[in-house]
Amino acid sequence: MSTAEARMTKSAAIRARLKHPIIDSDGHIAEFEPAFFDYLKEAGGARLVERFKAMDGPYRFGWYTLTPEERLRTRKPRPGWWLHPTRNALDRAASSMPRLLHRRLDQMGLDFTIIYPSIGMFALHLGDEEMRRAACRAFNSLQADIFREYADRMTPVATVPMHTPQEAIEELEHVVKTLRLKAVLMPAFVRRPIPALAEEHPQASRWAFWLDTFGIDSAYDYDPVWAKCLELRVAPSFHSPTAGMGMRASLSNSMYNHIGHFAASNEAVCKSLILGGVTRRFPNLRFAFLEGGVGWACTLLGELVGHWEKHNLEALANVDPASLDREEIGRLLREYGGDYGSERIERWERERSHLLWGGPEERANLDEWARAGIVRKEDIRELFVPKFYFGCEGDDRMTALAFDTKKNAFGARLNAIYSSDLGHWDLPNMCDAAAEAWELVERELLSEDDFRDFVFANAVRAKTAVNPDFFKGTIVEGAVNSLLANA
Amino acid sequence: MSAGDNDPSRSAQIRARLNHPVIDADGHCTEFEPAFLDYLRDVGGAGVVERYKAIPDSGFRYTWHQMSPQQRLEHRALAFRPLWWAHPKKNTLDNATTTIPRLHYERMDEFGIDFAIIYPSIGLLAPHISDQEIRLTACRAFNKFNADIYADFSDRLTPVAVIPANTPQEALDELDYAVGERKMKAVQLPAFINRPIPALARKAPEMAGFLTWVDNLCVDSAYDYDPVWAKCQELRVAPTFHTVTVGVGSRATLSNFMFNFVGHFAASAEVICKALLIGGVTRRFPRLNFAFQEAGVAWAVHLYGGLHMAWATHNVGMIRDLDPANLDRAMFEDLCRKLGGPLYAERVHRLWQGDASDLLLGTPEDDKDLDEWAPAGIRTADDLRERFVPHFYFGCEGEDLLNVLAFRNPFGCRFNAVFGSDIGHFDVHDQREAAAEAYELVEKGLISADDYRELVFANPVRLHGGVNPDFFKGTRVERDAARLLAAPRAGEGAQAAAGGAR
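Basis of the calculations
Residue positions are given per chain, counting from 1 as you read along its sequence in written order. Throughout, the order in which chains and ligands are written sets their labels, letters from A for the former and numbers from 1 for the latter. Residue-level local features of this predicted model are given only where pLDDT is at least 70; pairs of side-chain atoms are given and counted only at 80 or more, and the full residue set underlies all totals for whole chains, interfaces and linings. With hydrogens and water stripped out, all remaining heavy atoms of the structure feed into the side-chain values. Numbering goes from the N terminus for both helices and strands, where a helix is a DSSP run of H or I of at least four residues and a strand is a run of E of at least two. C-alpha atoms define the radius of gyration in this analysis, and the globule rule sets the expected value at 2.2 Å times the number of residues to the power 0.38. When accessible area is computed with a 1.4 Å probe and restricted to protein chains, residues below 20% of their type maximum are described as buried, those above 50% as exposed, and intermediate ones as partly exposed. We call a set of buried residues a nonpolar core when its members are Ala, Val, Leu, Ile, Met, Phe, Trp, Tyr or Cys and they connect through side-chain atoms within 4.5 Å of each other. Every residue pair with non-hydrogen atoms within 4.5 Å of one another is taken to be in contact. Salt bridges are defined by distance alone: a side-chain nitrogen of Lys or Arg within 4 Å of a carboxyl oxygen of Asp or Glu. Boundary definitions for the domains trace back to an automatic or database domain assignment. The buried area of a pairing is the accessible area, by a 1.4 Å probe, that goes missing from both parts when the two are put together, added over both. Under the rule applied, a polar contact is a pair of N or O atoms within 3.5 Å (in protein, one hydrogen donor and one hydrogen acceptor; residues adjacent in sequence only if both atoms are side-chain atoms). Following the grouping adopted for this structure description, the nonpolar residues are Ala, Val, Leu, Ile, Met, Phe, Trp, Tyr, Cys and Pro, the charged ones are Asp, Glu, Lys and Arg, and the polar ones are all others, Gly among them. One bridge is not enough; two strands pair if DSSP finds at least two bridges between them. Helix axes are fitted to C-alpha atoms over the stretch in contact, other axes to C-alpha atoms as well, and angles between N-to-C directions run from 0 to 180 degrees.

## Side note on the overall build of chain B
Here's step 1: When its secondary structure is counted, chain B shows 25 helices and 10 strands.
Here's step 2: Here the C-alpha radius of gyration of chain B, 25 Å, is about what a compact globule of 502 residues would show, namely 23 Å.
Here's step 3: Summarising its shape, the C-alpha atoms of chain B cover approximately 90 × 55 × 40 Å along the three principal directions.
Here's step 4: Within chain B, buried positions represent 66% of all 502 residues.

What follows is the structure, given as structure tokens:
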């Protein structure tokens, strides 16, 4: 692509006017399957390739093989029709070929992009251990190989399985030390069998499971994983689809399943990290939640503050049945509730429901903020605001809320990071990437300073707080160094 | 006489300064169990009472407390941590207030509230009881009980009927009873129903209760619920939703109720709101209004943004840009050969020989399956706004800063926020403060006095009065409500023209 052609796009023109780079924190590769299968064969053998192809999953969605009646009987959720722009063959090829993508970044107005997988996102959630680990290993090797030459402007994300801390640690060691990858994607949750059901009905675990979000009541202690991330200088990021799960499982409408699904998984793991005390125990880590926008996070922060104010340990005395003045309630019932009748008033002590009166509680179980180390309201700000980063697409007007100090708790600015979604359906034309984001300024939803934080400064902080060398050797290195020097 | 403190409360002082009433669209009663259980016995017999007390989904007895830590680990999501205590206790007067309608009634001036719509507490769970007999009996008992105990106080308090909806018929029957017969004016329906997955239930009937799917009543439902919405229209009641999702999905930790609780009403509200819109209910029943309680409004603005983005990039006019049939394979192959090096050049032919995945290169689709906006009748961004904004109302507690989003948001819309005090529940430690907390948004300069009027008066009136113009007849706010409903809504039509003002 010539420079002259690059200048012709609106995105390129916008970029040319800016004094700072644009970093895309979440582009996507559309994996080139034939190469992936060869890498998978190398990692796990030909048999594994055949098994991968035979699974009901992103290679072949089982939904298409069912009749409408069978879908009703099995309540099989509708997958997305088509994920990638294909009429624009140039875009489709660019999302598969790093060399072409690299050439076209100027057209998109992007200086640097962090590339997430497509099929690879599903690999993290495979229940079959052998398949999961081999698929992740194959994706990581493939990505490392095909992006190596283009490290000045693109870096691929490694997929790190998390069914056990040990498998996460092993893959982290491999991708960082051997493959030299510097960004990682972890699942936001792991589905685990419910032991009491799985004993008698092992097959039922596909449908009846519990969600382990790693921070609270996990099946394992994941602190060694977070410690390993710090040691290896990688910031965990999350990007787990929940379309097809729980309340997003329409048989016929993929939009119904899609809308809000990344926000749902992001909220679960984010809440788990803070309430489970991970951000307290690992204050130097940073976590990113991608493609879910930031609206959910502003709500979550507000709710955590509101609930802490009303339901901290001290405040629980207000609702503790032991605090009730029994004589007074009796008087009030007799004076105002005479219609209930004295016989019923006498029975009340014996007919109290748990919902209205609670069950027997141990004091040790009551301070639900203790693990997070939250003893005053401001602790929530410290454990939430600087630690978390939120991937927002360019056309998402709700991004403005991240910067809205009037509406956010503590007057906080949340760390929104620009995420183009290039390669996927949310960005129909790659050349519109920067221009689409800039529309937030044109609509006066963001100031130019906000925009700089959105597309540059926050993205830099998200990575360099954990790895100061993240952008070393890239074309944004100088700008990053200036930003960090002036911080 | 006032049962409470003789000094005027902050809420009462604020109310005295206002030139409009304050309507609480979501207060709660805390059911007086001995009386309710007697109603339950009257409706279903003594055996039903014992069964109601024993079943895990009635809320009468939590199983969590009966389990050892080890048993909880074995049962995991089936043994989620329930709440400790839901209701004010230290403030004994407040505790008694929501248990005794007469006391609640007497204290309304202290609360600075003219009129309140009273939701249940343990009754919230009744429409979700899986045992059909207990569900129908409990809902009927709650409705009889509440209709009776609030009957003398209808000028300032009206109770909400709980409507089971596992089938349209049971919803129709209870609507006929509660609204038709008992003249209750407000109703609460479940936001979703858990149903057994047929193919699995047949194989393992004993597991049917665990192997379930979520029926949102509108999209791919097991039944056609249009007769229910039609009945609501006929009986002039606005469906409202207030469904607990603690213990559902990721909100099922064993040890942390706060984790399970945060955001749970928003989760159920999103399910049904999205379903009503996408399933075309707001198109087919344009005169109905729907309310989603105790979840604030931020989730709804976020949902609207998600719908807006999804429609803009995935409407039927754009979908074929994603269709793999439209890929110029020759160009794609050529690019692979020229730019991809041996890795791509030597393998690209395999894409067309079976290596391409459904996810990346897709499968053929029928045109009829592709316009997912068709049931909602959405052809333009304006259609989306018309199907969403005027029909949906969002219950907001007073202290939530993000309530401001209803009035100042990136879409230039005014979303219908309605004040819900949550009086009776653990979010309110001092019932005299609830309305005053809502006014703090004005005091902080975050919303205008006009916005506040919308929140605490105009929107609650439109929610119910828009479906039933007589809703407030005979109440303390009758005249103000009638005047409001007779006047054209200020700014109607202007929303469409508004830009993206923040």
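## Section: the nonpolar core
Here's step 1: Trp226(A), Phe384(A) and Trp229(B) are the most contacted members of the largest nonpolar core, which has 345 residues in total.
Here's step 2: Tallying contributions element by element places helix α13 (residues 264-278) of chain B first for this core, with 11 residues.
Here's step 3: In contact with Trp229(B), not counting residues within four places along its chain, are Leu189(B), Leu217(B), Cys218(B), Pro239(B), Phe241(B), Leu276(B), Val281(B), Phe285(B), Leu288(B) and Phe290(B).
Here's step 4: Judged by nonpolar contacts, the second largest core, of 13 residues, contains Ile194(A), Ala208(A), Trp210(A) and Ile197(B).

## Considerations on the pattern of salt bridges
Here's step 1: In this structure the tally under the stated criterion is 79 salt bridges over all chains.
Here's step 2: Between Glu309(A) and Lys377(A) there is a salt bridge whose closest N-O contact spans 3.0 Å. Placement of Glu309(A) in helix α16 (residues 295-311) and of Lys377(A) in helix α20 (residues 377-384) is noted, with a sequence separation of 68 residues between them.
Here's step 3: Residue classification places Glu309(A) among the partly exposed positions, given a relative accessible area of 37%.
Here's step 4: Across the salt bridge formed by Asp109(B) and Arg156(B), the nearest N and O atoms sit 2.9 Å from each other. Residue Asp109(B) is located in helix α7 (residues 108-111), and its partner Arg156(B) is located in the loop between α8 (132-150) and β3 (157-162); the two are separated by 47 residues in the primary sequence.
Here's step 5: Exposure remark for Asp109(B): the relative accessible area of 48% places this residue in the partly exposed category.

## Notes on the domain arrangement of chain A
Here's step 1: Here the domain parsing of chain A yields domain 1 (3-310 + 383-485) and domain 2 (314-365).
Here's step 2: Averaged C-alpha coordinates put domain 1 of chain A and domain 2 of chain A at centres separated by 49 Å.

## Focus: the environment of Ala266(B)
Residues and elements named next belong to chain B.
Here's step 1: Inspection of the secondary structure assignment puts Ala266 in helix α13.
Here's step 2: Separated by 22 residues in the primary sequence, Ala266 and Val244 place their C-alpha atoms 9.3 Å from one another.
Here's step 3: Non-local contacts of Ala266, meaning those with residues more than four positions away in its chain, are made with Ala295 and Trp299.

## Brief notes about the interface of chain A and chain B
Here's step 1: Contacts between the two partners involve 145 residues from chain A and, on the opposite side, 149 residues from chain B.
Here's step 2: Both sides of the chain A and chain B interface together cover about 13,600 Å² of buried area, and 63% of this is carbon and sulfur.
Here's step 3: Area buried by chain A at its contact with chain B is led by Trp82(A), Tyr256(A) and Tyr336(A), which between them contribute 7% of it.
Here's step 4: Here chain A is connected to chain B by 15 salt bridges.
Here's step 5: For the pair chain A and chain B, the number of links is 75 residue pairs in polar contact (both at pLDDT 80 or more).
Here's step 6: Among the elements that make up the side of chain A that touches chain B, the one with the highest residue count is α16(A) (10 residues).
Here's step 7: Its residues assigned to classes, the side of chain A that touches chain B comprises 77 nonpolar, 29 polar and 39 charged.

## Notes on the pairing of strand β1 (residues 23-28) of chain B
Residue and element names in this part refer to chain B.
Here's step 1: Along β1, six of the six residues are buried, which leaves the element largely enclosed by surrounding structure.
Here's step 2: In this sheet, strand β2 (residues 115-119) lies alongside β1 in parallel orientation, the contact comprising four bridges. Within the sheet, the bridge partner assigned to Ile23 lies in β2 and is Phe115.

## Focus: the sheet that holds strand β9 (residues 392-396) of chain B
Sheet strands associate in pairs through backbone hydrogen bonding, adopting either a parallel or an antiparallel arrangement.
All names here are of chain B.
Here's step 1: Taken together, eight strands build an open sheet; the order of strands is β1-β2-β3-β4-β7-β8-β9-β10 and the sheet is parallel. The open sheet is flanked by β1 and β10 (416-419), the only strands paired with a single partner. Here the strands of the sheet are splayed against their neighbours by 30° on average, with no regard to which way each runs.

## A short note on the sheet that holds strand β4 (residues 183-186) of chain A
Residues and elements named next belong to chain A.
Here's step 1: Taken together, the eight strands give an open sheet; going across it, the order is β1-β2-β3-β4-β7-β8-β9-β10, and neighbouring strands pair in parallel fashion. Sheet topology places β1 (23-28) and β10 (415-418) at the edges, where each strand pairs with a single neighbour. When strand polarity is set aside, the average angle formed by the axes of neighbouring strands in this sheet is 30°.
Here's step 2: As defined by bridge partners, β1 adjoins strand β2 (residues 112-116) across four bridges and the pair is classed as parallel. Within β2, the position partnered with Ile23 by the bridge is Phe112.
Here's step 3: Against the sheet, helix α14 (residues 261-275) contacts β7 (236-238), β8 (287-289) and β9 (388-392), and its axis sits at roughly 160° relative to β8.

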